[in-house]
Amino acid sequence: MQKLITLMLILCMSSLVDGQVTDTKLPGDQTLPSSKADLESLANKETGTFKYSVEDYFQKPSQSSFRFSPNGQYLAYREKDADAKNHVYVKNVETNEVARAIEEKEELIRGFAWANDNRLVYLKDQGGDENYQLYAVNLDGSKEMALTPFEGVRVQLQEFLEDQDDYMIVQMNKDNPQIFEPYKINITNGELEKLFTNTDAANPISGYDFDKDGNLRAYSQQQNGTEYVLKYKKSEDGDFEEIMRTTWKDNFGILGFDYTNDNPHAAFVKSNLDSDTDEILLYDLKEGKILKKIFKDDTYDAGGVSRSRKRNYEVDYYYFTGEKYTTIPVSETFKMLDEKFKKQFAGYQYYITSKTKAEDKYLIYVESDRLYGKYYLYNAKKDVFKELLDLMPQLNEEDMAEMRPISFKSRDGLTIHGYVTIPNEAKQGNKVPMIVNPHGGPYGPRDQWGFNPETQLFASRGYATLQVNYRGSGGYGKSFSMAGNKQIGRNMLNDLEDAVAHLKKEAWVDGDKIAIYGASYGGLATLGSLVKTPDLYTCGIDYVGVSNLFTFFKSFPPYWKPYLAQVYEQWYDENSEEDQAIMKEVSPALNVDKITKPLFVVQGANDPRVNIDESDQIVQQLRDRGVDVPYMVKYDEGHGFGHEGNRIELYRSMMGFFAQHLK
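Here the structure is a predicted model, which means the values were calculated and not measured.

Student: Explanation requested: the pattern of salt bridges in the structure shown.
Tutor: Charged atoms that come close allow side chains of opposite charge to pair. One pass over the structure, following the stated rule, counts 39 salt bridges. For the salt bridge of Lys634 with Glu649, the shortest nitrogen-to-oxygen distance reads 2.8 Å. With a gap of 15 residues between them, Lys634 in strand 35 (residues 631-634) and Glu649 in helix 13 (residues 644-662) connect regions that are remote in the sequence. Accessibility assignment for this pair places Lys634 and Glu649 in one class, buried. The network of salt bridges with shared partners includes Arg311, Glu314, Asp316, Lys355 and Glu359.

Student: What is the right way to look at the pairing of strand 24 (residues 349-355) in this model?
Tutor: Along a regular strand, successive side chains alternate from one face of the sheet to the other. Relative to strand 25 (residues 361-367), strand 24 is paired through 6 bridges, and the arrangement is antiparallel. Bridge pairing links Gln349 to Glu367 in strand 25. Hairpin remark: strand 24 followed by strand 25, antiparallel, with 5 residues in the connecting loop; positive phi at Glu359, about 55°.

Student: What's the story with the packing of helix 1 (residues 36-43) against helix 13 in this structure? I'm lost.
Tutor: Each pair of packed helices gets described by two things: the angle between the helix axes and the distance between those axes. It is the contact of helix 1 with helix 13, at a shortest axis distance of 7 Å, that shows an interaxial angle of 55°. Considered as vectors, helix 1 and helix 13 are oriented oblique to each other. Counted together, Leu39, Glu40, Leu42 and Ala43 of helix 1 and Glu649, Arg652, Ser653, Gly656, Phe657 and Gln660 of helix 13 form the full contact between these two elements.

Student: Any chance you could explain the sheet that holds strand 6 (residues 119-124) here in plain terms?
Tutor: Pairing between the strands of a sheet comes from backbone hydrogen bonds, and it takes one of two forms, parallel or antiparallel. Strands sit in the order 5-6-7-8 across an open sheet of 4 strands; the sheet is antiparallel. Since the sheet does not close on itself, it has two edges, and those belong to strand 5 (109-114) and strand 8 (145-146), each with one partner. In the sheet, strand 5 pairs with strand 6 via 5 bridges, with the strands oriented antiparallel. Across the sheet, the residue bridging to Ile109 is Lys124, located in strand 6.

Student: Quick question: what am I supposed to make of helix 5 (residues 453-460) here?
Tutor: The α-helix advances 3.6 residues per turn, and as a result positions three or four apart in sequence lie on the same side. Taken across its 8 residues, helix 5 has 7 buried, putting it largely inside the fold. For helix 5, the complete set of buried residues consists of Pro453, Glu454, Thr455, Gln456, Leu457, Phe458 and Ala459. Between the side-chain oxygen at the start of helix 5 and the backbone nitrogen of Glu454 there is a gap of 2.9 Å, and the oxygen is on Asn452. The first or second residue beyond helix 5 is Gly462, which carries a positive phi of 95°.

Student: Is there a simple way to think about the environment of Lys584 in this case?
Tutor: Looking at where Lys584 falls in the secondary structure, it is placed in helix 11 (residues 577-586). Residues Lys584 and Gln63, spaced 521 residues apart in sequence, show a C-alpha to C-alpha distance of 48 Å. Not counting residues within four places of it along the chain, the set of residues in contact with Lys584 comprises Phe550, Leu590 and Asn591.

Definitions and cut-offs
- Residues numbered from 1 in each chain as written.
- Predicted model: local features only at pLDDT ≥ 70, side-chain atom pairs only at ≥ 80, totals over all residues.
- Heavy atoms only, no water.
- Salt bridge = Lys/Arg side-chain N within 4 Å of Asp/Glu carboxyl O.
- Helix = DSSP H or I, 4+ residues; strand = E, 2+ residues; numbered from the N terminus.
- Buried < 20%, exposed > 50% of the residue type's maximum accessible area, 1.4 Å probe, protein only.
- Pairing = 2+ DSSP bridges.
- Axes fitted to C-alpha atoms, helices over the stretch in contact; angles between N-to-C directions.
- Parallel < 35°, antiparallel > 145°, perpendicular 65-115°, else oblique.
- Contact = heavy atoms within 4.5 Å.
- Polar contact = N/O pair within 3.5 Å; in protein donor to acceptor, adjacent residues only side chain to side chain.

Listed below in structure tokens is the structure:
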């Protein structure tokens, strides 16, 4: 099974601490953050009159996250109150009676789901530390309880057991912070049963595969730091046996067991062992052979498979993300639905976000590059569509900017894909500044087409946005992914530079006003670009970004440390003299003397992925050189800002910074 350490930005009421106020309980150097007054002054540098405010793009919707109960009798959703708290409500679809099931208090509700027809589960952490705890509550808000009240333990949802109403399967690093083990949990009384014990801490299990009845059928175990062994139980009473050994560079993972086949060992797997791109196979796990090649695209990795539980797990469609999200209808039932949905929502992307167990009602989410999103209810029995909610009715679709797919050849001959969001001023013949926005990761994630509130905000102020799926990005096959190995600060940045050169050929790009802004790895790319090509960019914004590879590796959370050997092959090896030299060269904090352009730094104090020290050290060293660096720190946030007020404050300051340096 392919395992990539992907440092992905997670965007899911405290005030900012002023620069000279200290509290020994808070992380980081509290003398460094800019004062609230200084950040407000920065935000006020944007003085124009605009049709849409920052709040219009970044306030949370009044309602969102709609989910049907399995029987379709109830609809759960989030609703925002006057204090920007997003509580979870449950509506009886027959009587329209509404009750608040979950109250969001100081800590954010990071996600919720129906566990059965009467009970909901949800996740919370502490200030963005990502040690998620699981809670359960009845649909009327009664009998709420913490199912996993374990300090410093991270819960991951594994399986909802649809035929065992009171149970679900989770993973926890309860007994060892580096190792996740599966537990069957009673969502009514919290009783736990450990389903498997990982006895080899040096070679932890990276993934568990259960069938629909909750039986552990297979697991993938890491060995030697860079290999993965898939072990499968060939008989009910037998032991787990090795059936596949791969390296982290390969992918062979079980998507689900095939219940339409008389062969109990048949499973859908996603694999790139015989193909550059991930393909979907029907595979006999006992015999170790391919039964059927199901789906493959020559350019893009396959995404997955969707099946109908009602129709004995018949395959409805395959999906993948190319230039846009794409579904490949398979079953006759879904072919009719897909044709109906595409006709109803022509020009838009649609996603089925929820359906009833009887498959008589569907919740459909519709978006485009210009439409933030709308929810529709489709009643299959009546063949009727009903619009439930426009998530951002204040944003007029006609005023939004186009996001256009692009591709170009890099200087060493790779085909690179990406997107550019073009402000309306450019289409009127005017030259416009451009913001280069590298995504996080870097290995695994990618940018894709759809509504992006950041790029739309930038476009509303007259800035184009360039998003590049540089080498190492996910979704484009194994060779493209592997081309990014040990290229952080090197060819990965060259890809950004080549993308800029490609876009500068357009008459509407003002080549003298180009900024770079990114989060997580994108923050490292921002800092690295200001070091490597200081003359290319006018300014930069580093949001929860890595600045020093040496300190970054040392600050990994415990559950990342088993993957260090892979990191050393994929990023750089801190134990290699050759790699150490490269790490020094590409760590911006060790090359601050080369940063000559204005920089704005943003950090969540509780970030478990990119420790606050990564931002502190870049700010401290630049200020030691006499450089004025605005620095925003939020002490109730982690790897990205989840609180609405913090996000709005961030983007107001960001727009002030861009107005100061790009206009």
